[in-house]
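Summary of structural features
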Amino acid sequence: MRVTNDSIISNSVDLSTSWVSDPIWLGHMRDFSIQLFFNGLPNGVLRLQCSNDRENIPDTNSGVNNWSLVQGSTQAIAAAGDHTWAVSDAGYRWVRVQWIPGMSSEGAIYNGRINGKGW
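Here's what I pulled together on the structure shown here. (Residues numbered from 1 in each chain as written. Predicted model: local features only at pLDDT ≥ 70, side-chain atom pairs only at ≥ 80, totals over all residues. Heavy atoms only, no water.)

1. Things to note about the packing of aromatic side chains
In the structure shown here, the tally under the stated rule is two aromatic pairs. Here F32 and Y92 contribute two aromatic rings whose centre-to-centre distance is 6.5 Å and whose plane-to-plane angle is 75°, an arrangement assigned as edge-to-face. Taken together, the residues F32 in strand β5 (residues 29–39) and Y92 in the loop between β9 (81–87) and β10 (94–101) connect sequence positions 60 residues apart. (Phe/Tyr/Trp six-rings, centres within 6.5 Å; stacked < 30°, edge-to-face > 60°. Helix = DSSP H or I, 4+ residues; strand = E, 2+ residues; numbered from the N terminus.)

Below is the structure:
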């Protein structure tokens, strides 16, 4: 069984502006979870996007251009805290996190990780 656990943010993410993470190649992952921690006074939505763009290797994401919303992944955020998505039987090649701020959103995503399992 293959297992991965990686950071998905290198610096904190300002919650007053829109943001998308770098594409995450799922490769041989069948199941994964993404966990985020945020502070301040956030006001907005987090959601997952997926892509089936071209076969690729994990360290090259330049050809990933077409994204779709992962149904049921939208989560309203209105207080400091955390959020975790747990996805089973992921059938797509790539995933990324998107933040869409609302009015008067403040704070930061200060930690984000993906944990994945597969064959």
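Now, onward.
2. With respect to the side chain of R96
Tracing the backbone shows R96 in strand β10. For R96, which is buried and forms no salt bridge, the nearest opposite charge comes from D22, at a distance of 8.1 Å. Reaching out from R96, the side chain makes a polar contact with the side chain of Q49 at a distance of 2.6 Å. (Buried < 20%, exposed > 50% of the residue type's maximum accessible area, 1.4 Å probe, protein only. Lys, Arg positive; Asp, Glu negative; His and termini not counted. Salt bridge = Lys/Arg side-chain N within 4 Å of Asp/Glu carboxyl O. Polar contact = N/O pair within 3.5 Å; in protein donor to acceptor, adjacent residues only side chain to side chain.)

3. Some words on the side chain of S51
Mapping S51 onto the fold places it in strand β6 (residues 44–51). Judged by its relative accessible area of 2%, S51 is buried. Side-chain polar atoms of S51 contact the backbone oxygen of N66, separated by 2.7 Å. S51 has contacts with V64, N66, W67, Y92, R93 and W94, leaving out every residue within four places of it along the chain. (Contact = heavy atoms within 4.5 Å.)

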